[in-house]
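Structural overview
Listed below are the residues making up each chain.
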Amino acid sequence: MAGVKSEPTRILVLGGGYVGLYTAYGLQKMLRANEASVTVVDPQPHMTYAPFLPEAAAGAIEPRHVVVPLRRVLKRCHVLTARVTKIEHERKAVTVEAADGHVEQLNYDVLVVALGAVARILPIPGLVEEGIAFKTIGEAIYLRNHVMTKLDEAASTLDPEQRKRLLTFTVVGGGFAGIEALAELEDMTRFAVENYYPNLKVEDIRWVLVEAAGRILPEVRETLGVYTVEQLEKRGIEVYLSTAAKSFENGHVVLSDGTEFDTDTIIWTAGVKANPVLASSDLPLDKRGRVEATAAMQVVGHPDVWTAGDNAAVPDLSRTEQDPTATCPPNAQHAVRQARLLAKNIIKVIRGGKPKDYYHKNLGAVASLGLHKGVADALNLKIKGFPAWLFHRAYHLKAMPTWNRKIRILFDWMLGGLFRREVISLGQINNPREEFDRLSKS
């Protein structure tokens, strides 16, 4: 790949998440004039900082502030709003479906596969019809309005059984996404009922967590997982461990231990899987459907294809002595660091150099359990309560891309401290044509 070329190297980045954004941003800073062109393809025109989704859903952060506009940050790149439908590396071609529906083929010299992960949907009756995932800003906004709308409906109904159903909220999945979503939304509903719904009581609200494994938060040591369960249960949250969901049909939840109840809210956070587009590509995949990579993040057998993040099986050199097959876990901590090195490696190879292996020892994990509450397992320290919550906010504020977004989020927190959180329902945003349709029929 070294040497003088008549045309700039065509670099195609698939995905605009952590890896896609940081890789493209690094490339645009380091590339010389006319050395290469960079095209970024993603179905959304923004990158979402997922660790802040729970706070956006609970009203602690303005939702627009947890997304980074790709075109604003990647000014020297071409950003294409489109969905990848096919990867054919043998032809060095990628097929995409653009936002307006037309299909086109993109050719490349260097490919970066950063398609990330999608929600893993299990064949449970009623899940597709009743469930909602928690991976995008749209889902976070929907859930906030949905939950607040259920409080409004519960405060209005005269039917006690209907009120019970409306005030029952179910979260399936005990990883970070599920626990933080559960804790923040429960905090929001408690605050709303205590302050704005005089005919409802906190005891009327029922939050249920369902986890098939025997513990929650597998990323932290087990004692902290036990502590988190205890804290949730003190708040009246029902925790079902070693329990699988059997059915969600018509909002009627059936669990493997025989428990049954009705609900209008089912939040599905039970795991993710690599983007399914990879399965039909001609790239090497591991058993979990992730692209097989070297420690330098080049795809095995294809030095002109690079990959990192949730859709990549990158060897974890900090653990390979204990487990030779260990790969980096799918989290933001690794994705951001991988992307920064990935951009440097691509530049090195384009200029005739050798890429550097990725090595990063996991610093730990932090989770928010609602306002002023948290848990952290970082730097060999167990941190609980308010200090862990502060640590969580400080760590993720530092990791949030661009000073623009950092400052906006900081001001959101400051205003929240002065005026308390916003818990207003904007239910119409979920069905904006409803009023128009009603008027047309009157």
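Residues numbered from 1 in each chain as written. Predicted model: local features only at pLDDT ≥ 70, side-chain atom pairs only at ≥ 80, totals over all residues. Heavy atoms only, no water.

1. A word on the environment of K150
With respect to the helices, strands and loops of the structure, K150 is situated in helix α5 (residues 137-156). Separated by 19 residues in the primary sequence, K150 and F169 have C-alpha atoms spaced 9.6 Å apart. Here K150 is in contact with L166, L167, F169, D264 and T265, once residues within four sequence places are set aside. A distance of 3.5 Å separates the side chain of K150 from the side chain of D264, its partner in a polar contact. (Helix = DSSP H or I, 4+ residues; strand = E, 2+ residues; numbered from the N terminus. Contact = heavy atoms within 4.5 Å. Polar contact = N/O pair within 3.5 Å; in protein donor to acceptor, adjacent residues only side chain to side chain.)

2. As for unusual backbone geometry
The backbone phi angle of K92 is positive, close to 50 degrees, even though this residue is not glycine. On the secondary structure map, K92 appears in the loop between β5 (78-88) and β6 (93-98). K92 gets classed as partly exposed once you look at its relative accessible area, which sits at 29%. A positive phi angle is found at H372, which is not glycine, with a value near 70 degrees. Structurally, H372 is set in the loop between β23 (364-368) and β24 (374-378). (Buried < 20%, exposed > 50% of the residue type's maximum accessible area, 1.4 Å probe, protein only.)

3. A closer look at the UniProt feature "domain: FAD/NAD(P)-binding" (unreviewed entry) in the protein
Look at the UniProt record and you will see "domain: FAD/NAD(P)-binding" (unreviewed entry) annotated at residues 10-339. With 29% helix and 28% strand, residues 10-339 has its two end C-alpha atoms placed 18 Å apart. (UniProt positions renumbered as here; feature names shortened; annotations may be inferred.)

4. Section: empty space enclosed by the protein
Enumeration over the complete set of coordinates arrives at 1 cavity of 30 Å³ or more. Roughly 50 Å³ of internal volume is contained in the largest cavity. What lines the largest cavity is simply G309, D310, A312, V314, C328, P329, P330, N331, H334, A335 and Q338. Per element, the largest residue contribution to the lining of the largest cavity is 3 residues, and it comes from helix α9 (residues 332-350). In terms of residue class, the lining of the largest cavity is made up of 6 nonpolar, 4 polar and 1 charged. (1 Å grid on protein atoms, 1.4 Å probe; cavity = no way out; pocket = protein on both sides within 12 Å on 5 of 7 lines; lining within 4 Å. Points joined across faces, edges and corners; volume = space filled by probe spheres on them. Nonpolar A, V, L, I, M, F, W, Y, C, P; charged D, E, K, R; others polar.)

5. Quick look at the packing of helix α1 (residues 18-30) against α9
For the pair α1 and α9, interaxial distance at closest approach is 8 Å and the crossing angle is 30 degrees. Crossing handedness for the pair α1 and α9: right-handed. When α1 is examined against α9, the residues Y18, V19, Y22, T23, G26, L27 and M30 are found in contact with a partner set consisting of A332, A335, V336, A339, R340, L342, A343, K344, I346 and I347. (Axes fitted to C-alpha atoms, helices over the stretch in contact; angles between N-to-C directions. Left-handed = near helix turned anticlockwise from the far one by under 90°.)

6. Observations regarding the nonpolar core
Nonpolar side chains in soluble globular proteins tend to end up buried together. With 97 residues, the main nonpolar core has I11, V38, L74, W207 and I346 as its most contacted residues. When residues are assigned to domains, this core turns out to be shared by domain 1 (7-117 + 271-349) and domain 2 (125-269), each giving three or more. Among the nonpolar cores identified, the runner-up in size contains 22 residues, and A274, V277, V299 and V305 belong to it. (Core = buried A, V, L, I, M, F, W, Y, C linked by side-chain atoms within 4.5 Å. Domains from an automatic or database assignment.)

7. Some points on the packing of aromatic side chains
Taken as a whole and judged by the stated rule, the model has 7 aromatic pairs. For the pair Y49 and F52, a centre-to-centre distance of 5.3 Å together with 55 degrees between the ring planes defines the contact as tilted. Exposure remark for F52: the relative accessible area of 0% places this residue in the buried category. Centroid distance F191 to Y196: 6.0 Å. Interplanar angle 75 degrees. Geometry classified as edge-to-face. Exposure remark for F191: the relative accessible area of 15% places this residue in the buried category. We classify Y196 as partly exposed; its relative accessible area is 43%. (Phe/Tyr/Trp six-rings, centres within 6.5 Å; stacked < 30°, edge-to-face > 60°.)

8. Quick notes on the pattern of salt bridges
As enumerated under the stated definition, the model contains 17 salt bridges in all. In this structure, the salt-bridge partner of K92 is D304, at a minimum N-O distance of 2.7 Å. Residue K92 is located in the loop between β5 and β6, and its partner D304 is located in strand β21 (residues 302-307); the two are separated by 212 residues in the primary sequence. E153 is paired through a salt bridge with K150; the nearest N and O atoms lie 3.3 Å apart. Taken together, the positions of E153 and K150, both in helix α5 and 3 residues apart, correspond to about one turn of that helix. Its relative accessible area of 32% is what places E153 among the partly exposed residues. Through salt bridges with shared partners, a single network forms among K150, E153, R165 and D264. (Salt bridge = Lys/Arg side-chain N within 4 Å of Asp/Glu carboxyl O.)

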